[in-house]
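# Structure assessment
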Amino acid sequence: MEPFSHPNHGKYKVIGTRPIRHDGEDKVTGRALYGADVSFPDLLHGFVLRSPHAHARIRKLDTSKAEALPGVFAVTTAVDLPRLDDKIVSSGEGMENQKYLSDHILASDKALFIGHPIAAVAATDPWIAQEAVALIEVEYEVLDQVTDPDKAMADGAPLLHEKMTTTILGQKEAKPSNICNHTRFECGDLEAGFAEADLVFDREFRTRTVHQGYVEPHTATALARSDGQVTVWSSTQGPFRTREQVAAVLKRDLSKIRVIPMEIGGGFGGKIPVYLEPLAVLLSEKSGRPVKLVMSRADVFQASGPAPAAVSKLKLGFKSDGTITAGKVWMAYEAGAFPGTWGSTGALCVLAPYRVPHALVDVYDVLTNTPKVAAYRAPSSPQALFGVESIMDEAAQELGLDPIDLRLKNGAVEGDSRVDGQKWSRIGFLETLDAAKNSPHYKSPPPSGPNQARATSIGYWFNAGMQSSATVGINMDGTASVVTGSVDIGGSRASMAIMAAETLGLSAEEVRPVVGDTESIGHTDVTAGSRTTFATGYAVYMAATEALEKMRPRVAKLWDCPVEEVNFEEGAFRHAKGKHDPMTVREVAPKLPMTGGPVQGQSSVQPKQVGASFAVDIADIEVDPETGKVTILRYTVVQDVGTAIHPAYVEGQMIGGTVQGIGWALNEEYVRDEEGRMINTGFLDYRVPTALDAPDIETIMVEVPNPGHPYGVRGVGETTVVPPLSTLHNAIARATGVRIRNLPMSPPRVQAALAEQTARPVPASD
Amino acid sequence: MSSATKRIITAKVNGAELTLAIDNRMTLLQALRDAAGLTGTKEGCLTGDCGACSVLMNGRVVDSCLVMAAEAEDAELTTVEGLADGTHLHPLQQRFLERAALQCGICTPGLLVAAKSLLDRNPNPTDHEIRYWLAGNLCRCTGYKQIIEAVQDAATDMRAGK
Amino acid sequence: MKPLEFSAPSSLDDALQQLSALGGEAGILAGGTDLIIQHRAGVRTFGHMLDIKGIPELNVLEYSDGGGLRLGAAVACAVLGEFEPARKHYPGLVEGAELIGSTQIQNRASVGGNLCNGSPAADSVCSLIVLDAVCVVAGPKGTREVAARDFMTGPGATVLKQGELLVEIRVPPPPPRSASAYLRFIPRNEMDIAVAGVAVNLTLAEDGETVASAAVALAAVAPTPLVVDAAAKALLGSKLEEGALEAAAQASRDAATPITDVRGTAEYRRHLAGVLTRRTARIAAERIQQG
C-alpha cells in the first residue's frame, strides 16, 4: 500500500471541526440504551456463585437445593460446558490458549482466584436468585495461594496449573512453574555497551494491580431459541470478539450467535474479555427465557480483568553527554489465574522510545491467584515506562541536562530500530518534545516555594491496526449513512461521519453513522488499541471512495461523456474540460434510479501502517511533607495526534487518559490481605480521582500526519495514561529529594519516605 | 392484593403522577429503572460512591441507590428524562453536547441532575465550587475539564434567562 | 435478603410502640446512607425498616442564645449546613457534618445517623464531643440524656438499647471568644472516610490570645472517638506557641490506639493525629481572633 500524502492537512472542510455527536441527544436525555437497560416481560435475573478462596480444589458441588427453590428456572455449572482443545486462538488483541477459556467462565476442578465463578442461577427476581446461590453446596479443599508475581516465580511457590511448563527461549522447561510466558529481546553487545557508559543506573521499581474503573459494571442478557439461535445483548468493546469467545466456549458456529452491542459505559480494554455472556446463554437455554446478568461493583473489582502489577529491574548506561549506551531490563508482570502475554507487549514498549544500541530485555508473565489481567489503556506500557522515565530523569539531574533535551538526544525517529528488530515508521516524538519545550507551561518560571517542583516525562503507545469493515450507503436525496462494527465508547461514530462527510463532500450532519451488530456488518475487531478512528476510519474512507467510484459512470451517463472525463474533486463531480457544471453527491443521488439503481460502497481492511503516538507531560506540584499529600498546581499534556478528526474528542481522550494516570500514580491500588483477598472492592476505598482531585489539564495537540492513513490519523486514546506515573514521580523527587519507586505514591508512602530521609540523610549521589 | 412486603406507591416523577407496584426491598433506583421503565438513571456501584444514580428528590440531589422505593410515596422526583422541556434541551444538556463533556455517557445523567441542583441554588459558581459540588459524580472518561466548562457555559445561559 | 416490611410512623409514640414490638427485627432508617448499604451486604439483617424521618421531634432545628442548638436526629447534614446559626456558632460541627461523603450523601445523611452508626471515623461526632453536646434518647421507659462523649462504646456499638431511639442532640450555647474546628485527613480531596480526624474547641481569655479552655477529640484512631484531655491540658494557658502545640500533638499521638486497615497504617494514623491536632487548634484560634 502506497503511503498517503496529505496535501489538505489543516485545510479540511469537515475534519477538524466540532459537530455535535450524532448519538449525543439520546445520551443527555437518558434515552440511549446501555447493556443493563435491556428488558423483557419474561426476563429472569441471573446471579453468580463465586469462590471465596484464592486457591482451592473443588471436591463437591451440589446445586440440587438451589434448583428446587421456587422461582429458580435454571442453574449452570462447568459440567454444562464442552471440553475445549489445547489450541491457541486469537483473543481480540493477542493470542491465548482456548482450553483455559471455559475454566475462566466456570471453574471445573479448581478455583483459582477469589471471585472465580463456580455456578450461576436464573430466577424470577434478584432476591430469589441470591437466595438460590446461597443454597448451593460447595466443598473446597483450600490450597496455599500466591498473589505477588515475584513470589509466584520462586521455587516452591504454589502452582496454579500443575501441568504447565514454560517455553523458555524455544525450549520447554522440564519443571512446571507459574511462569506462563517469557519474552526476550537482545541487540548489540550488552557488556560493551555498559563499558562505554560514563554513568550507570541500576534500579528496581514496583507497581500494583489497578483497575480500569469504568463506571458501568459488566452486563449481559441472552435469549436462546429452540433452533439454537442465540441473541446476546452486551456492553462489549467488540461484538465480533464477544461472539467468537461465546462460540468458542460453547462450541457453536458463529452464525448461531448474534451479538448486539449496546451503548457502553466505559471499557478501556476491560470489556474485551467475556465473563457473563456464556453464563447468560447457558441459563437462557436451560430456562427457555431471556436472562440478564449484571456484575456488582465488588465483582467487577474481583472477577473482571484488572491491569497487572509489575516488578522491574532496570539498568541503563549513559555517556556524560546523555547518550544512552546500553539497557538491561528484567520485568515480571502479574498474569492472574490464567496464562496471558501482556509481558511480551511490555518487552516491546520498555526501551522503544529511545535509541538503545545494546540491550537485553527479559520479561516474564507470571500466574498468580488473582483475577486474570486484561488490557487497560496502553496495556503494559505504563508499568514498563515508569521505571525507564524515572532513570531518564535521574540521569538528567546527575548530568545537569534539561530533561527534555535528554529525550531529544535519544528519542527515536523514523528508521531507527527497536530491540525486537522492527523499525520505526514516521513518528512525531521529537516534534512533541519540541512543542513541550516551547509550551507556555515549560517556559514559565517553575514553582519555587518549599516542597514545590516541576518535572516532565514521556509516554507512548504503538497503537493497533487489525480488521474493520464499513459500508457507506447513498440515500436517494444524497445524504448518506455509514455503518461500521465499531462500538462507540468515546464519540467515534461522530468521527466516522466526519471522515465519510469529508470524502463525500457532505456536512457531518448529512451523514448518519450507525453502529451495527454481528449480523449487519462485516467482521470488525474491537474498539481498543486506539485503532477505531484509524482502522475503521480507513474502512469508511475506502467505502466512501468506492461509492464515489460507482457514481462516476452515472455522472458520465448524465453528461453523455466518457467516464475518464469525470473526476470527484473538491467535494463535487467535475468535468475534466469544464464542459458541464459540477454536481455534488446531493445532486447526483436523485438521478441514481434512472442511471442504474442504488449505490453503496463497502470495504473490509487490515491496514498495516499504524502510527504510534507519543506524549510529553509537564507537572508542577507541591508536597505536604507532614501528610505526604501531593497537590498538582499545573499540568500540561502534549501529544502527537496525527490528525485530529474531531478535536474536542481528541482533547477528551488526552485529558481522560491523563487523569487515569494521575489516579494510578497517586492513589489507586488493589489492597489485599494475607489470604489474597482484595479488601477495597468499592469506589470508596479504590480511590479514582473525583472532580475535586483532577487538576485542570492544558492540552497541546501536535499533528504529524500518519502516512498510513488517508487522513493522517494516529490512534490517540491510550498514550496519555502512561506519562503521569513517571511525571509525578519525577516531580516528587525534585520537590523532596526522594524517589519513590513504588506505586502508588499515596500520602502514607510519601510521608514515610520523607520521614526516613530526614532520619537518614541522603548522600549527594545515591 | 396488598401484602406487608410489597406496596403501591404514587410519586410525582418529572412532573407527572406515577403509580408503581414495588417490593419493599427495592431501592428508588430499582423502582425507577425496573418498575417505571425509566432507564436513564444508571447503576454504577450501589454504595453511594459514584453518583451515576443521582436524581432530584424534593428539590435535593440524592443517590437513588440509597433511597428505599417506599420513601418515594408523595415525593417529587426529577430524573434525567425530565430535564428537557419537550424537545427543547435544558442548557446543561445542550452545553454538555457542545463541550464534548461526555465520552461514554454513563455518568452523564447523574452529572446533569447534580449540576442542575447546583445551578438552581448557585447561579454563579466558581470552578472550584462546581468541582466540589460534583465530587460525588465519578467520571472515568473525560477527566472532568470539559464537564466544568459545560456547567459554566450553562450557568451563563441560565443567568441570561435562556 | 428476606422480605421486608416498611413503615413510616408520623409520631414519636407510634415509633416507640413499633420499635418495642419489633425488637431486633427493626432497622431504623434516617438518611439510609449506612443502613441501606449494610442491609444489602447482609451485615445488618432485619425484617422491618422503620423510617423515622416523618417524626416532628426528630426534625427540630433551632438555636437560641440561651438554650444553644437543638438538632433533631433525622436532620440531614445539608440542612444543618444551611442553618445560619449553626454555621455561625458551631463551625466545627458544620465542618464535620459537611465532610461526610458527597453532595448527594449530605442531602440524606444526618448527624444523628452518623452517631448511631457508631463508626470511630465519624466526621461529625468529635465536634459534638468537644462542644459538650448531649444526646436525648427516647425509649419505652421514657427519655434519658447521654453525653455525646459517652454515646459510642465500640466500633459499630452505641449505648442505645433495643427499643430506644435517638431523638435529638443538644449543643450548649458557645461562650464568648470561643470557636470549634474539625479537620480530617483523606488521601483524595473528597469522598473518603477519614484516615484520622481531630476536633478542637477553644475559648480564649479576654486578651484574645491565651487559651482559657480547650477540648480535643480524635476520630479514626481508636475504637471510638477519643477525647484527649492531656492535649487540651497542653493547650490550656498557652498562646498556642510551638511548645504548647507540640505538647498537644504528642499527647494526641500518645493517646491514639489506631489499627492498620485498608485506609491507613497504625503508624501513619498516629502521626496524623499529631499533625492534625496542631493544625486544628490553630484554625480554632484564628476563628476566634477573626471574630
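The rules behind each value
- Residues numbered from 1 in each chain as written.
- Chains lettered and ligands numbered in written order.
- Predicted model: local features only at pLDDT ≥ 70, side-chain atom pairs only at ≥ 80, totals over all residues.
- Heavy atoms only, no water.
- Helix = DSSP H or I, 4+ residues; strand = E, 2+ residues; numbered from the N terminus.
- Rg over C-alpha atoms; globule rule 2.2 N^0.38 Å.
- Buried < 20%, exposed > 50% of the residue type's maximum accessible area, 1.4 Å probe, protein only.
- Areas by Shrake-Rupley, 256 points an atom, 1.4 Å probe, with all protein chains shown as cover.
- Lys, Arg positive; Asp, Glu negative; His and termini not counted.
- Charge placed at Lys NZ, Arg CZ, Asp CG, Glu CD.
- 1 Å grid on protein atoms, 1.4 Å probe; cavity = no way out; pocket = protein on both sides within 12 Å on 5 of 7 lines; lining within 4 Å.
- Points joined across faces, edges and corners; volume = space filled by probe spheres on them.
- Nonpolar A, V, L, I, M, F, W, Y, C, P; charged D, E, K, R; others polar.
- Contact = heavy atoms within 4.5 Å.
- Buried area = accessible area lost by both parts, 1.4 Å probe.
- Salt bridge = Lys/Arg side-chain N within 4 Å of Asp/Glu carboxyl O.
- Polar contact = N/O pair within 3.5 Å; in protein donor to acceptor, adjacent residues only side chain to side chain.
- Core = buried A, V, L, I, M, F, W, Y, C linked by side-chain atoms within 4.5 Å.
- Pairing = 2+ DSSP bridges.
- Axes fitted to C-alpha atoms, helices over the stretch in contact; angles between N-to-C directions.

### Focus on the overall build of chain A
The helix and strand tally for chain A stands at 21 helices and 29 strands. By the compact-globule yardstick of 27 Å for 766 residues, chain A fits well, its C-alpha radius of gyration being 27 Å. For chain A, the spread of C-alpha atoms along the principal axes amounts to about 90 × 75 × 50 Å. Out of the 766 residues in chain A, the part that is buried amounts to 65%. Within the structure as shown, chain A displays about 26100 Å² of accessible surface, and the carbon and sulfur contribution to it stands at 49%. The average position of the 74 basic charges and that of the 93 acidic charges among the side chains of chain A differ by 2 Å.

### Things to note about empty space enclosed by the protein
All names here are of chain A. Within this structure, the stated rule accounts for 12 cavities of 30 Å³ or more. The calculated volume of the largest cavity comes to roughly 620 Å³. For the largest cavity, the lining is made up of 38 residues, of which Thr527, Ser530, Thr532, Gln653 and Gly717 are closest to its centre. Only helix H15 (492-504), helix H16 (532-559) and helix H19 (647-666) provide two or more residues apiece to the lining of the largest cavity. Of the residues contributing to the lining of the largest cavity, the split by class is 15 nonpolar, 18 polar and five charged.

### A word on the interface of chain C and chain A
Between chain C and chain A, the residue contacts involve 17 residues of the former and 20 residues of the latter. Taking both partners together, chain C and chain A bury about 1900 Å²; carbon and sulfur atoms supply 54% of that area. Connecting chain C to chain A are three salt bridges. Of the charged contacts, one joins C:Arg279 and A:Asp624 as a salt bridge, the two residues approaching to 3.0 Å between their closest N and O atoms. For the pair chain C and chain A, the number of links is 14 residue pairs in polar contact (both at pLDDT 80 or more). Here the element with the most residues in the side of chain C that touches chain A is helix H12 (residues 266-289) of chain C; it accounts for five residues.

### Some points on the nonpolar core
Of all hydrophobic cores here, the largest spans 179 residues; its most connected members are A:Leu351, A:Leu728 and B:Phe96. Filtering out sequence-adjacent residues up to four positions away, A:Leu728 remains in contact with A:Ala619, A:Ile621, A:Ile632, A:Tyr635, A:Ile662, A:Ala665, A:Leu666 and A:Met745. Formed by 87 residues, the second largest nonpolar core is a distinct cluster that contains B:Leu29, B:Ala72, C:Leu12 and C:Leu115.

### Overview of the pairing of strand E1 (residues 44-50) of chain A
Residues and elements named next belong to chain A. Of all seven residues that make up E1, five are buried, and the element is covered over most of its length. Strand direction decides the pairing type here: E1 and strand E16 (residues 291-294), joined by two bridges, are parallel. Bridge pairing in E16 links Leu44 to Val291. As defined by bridge partners, E1 adjoins strand E7 (residues 117-123) across six bridges and the pair is classed as antiparallel. When the sheet's bridge partners are listed, Leu49 is paired in E7 with Ala119.

### Describing unusual backbone geometry
Cis geometry is adopted by the peptide bond preceding A:Pro744, which originates at A:Leu743 and carries an omega value of -5°. Assignment of secondary structure puts A:Pro744 in the loop between helix H20 (723-736) and helix H21 (747-759). The backbone phi angle of B:Asp74 is positive, close to 65°, even though this residue is not glycine. Its location among the elements puts B:Asp74 in the loop between strand E4 (60-63) and strand E5 (76-78). For B:Asp74, a relative accessible area of 66% gives the class exposed. If you check the backbone angles, C:Met191 has positive phi at about 80° while not being a glycine. Counting through the fold element by element, C:Met191 comes out in the loop between strand E11 (178-185) and strand E12 (196-204).

### What about the interface of chain B and chain A?
When the parts of a complex come together, some accessible area is lost, and that lost area is often taken as the interface size. Residue-level contacts link 44 residues of chain B with 54 residues of chain A. Of all residues in chain B, B:Leu97, B:Gln103 and B:Arg140 give up the largest surface area on contact with chain A, accounting jointly for 21% of the area buried on that side. Put simply, chain B and chain A have four salt bridges between them. B:Lys42 is paired through a salt bridge with A:Asp37; the nearest N and O atoms lie 2.6 Å apart.

### Some points on the sheet that holds strand E7 (residues 142-147) of chain C
Residue and element names in this part refer to chain C. Reading across from one edge, E4-E5-E10-E6-E7 is the order of the five strands in this open sheet, with antiparallel pairing throughout. With partners counted over all chains shown, the strands left at the sheet margins are strand E4 (61-64) and E7, one partner each. Sheet twist, expressed as the average angle between the axes of neighbouring strands with direction ignored, equals 20°. With four bridges joining them, E4 and strand E5 (residues 68-72) adopt antiparallel strand pairing. What sits directly across from Ser64, in E5, is Gly68. Contacting strand E6 (134-139) and strand E10 (165-171), helix H1 (residues 12-22) runs over the sheet at an angle of about 130° to E10.

What is shown is where atoms sit, not what they do.
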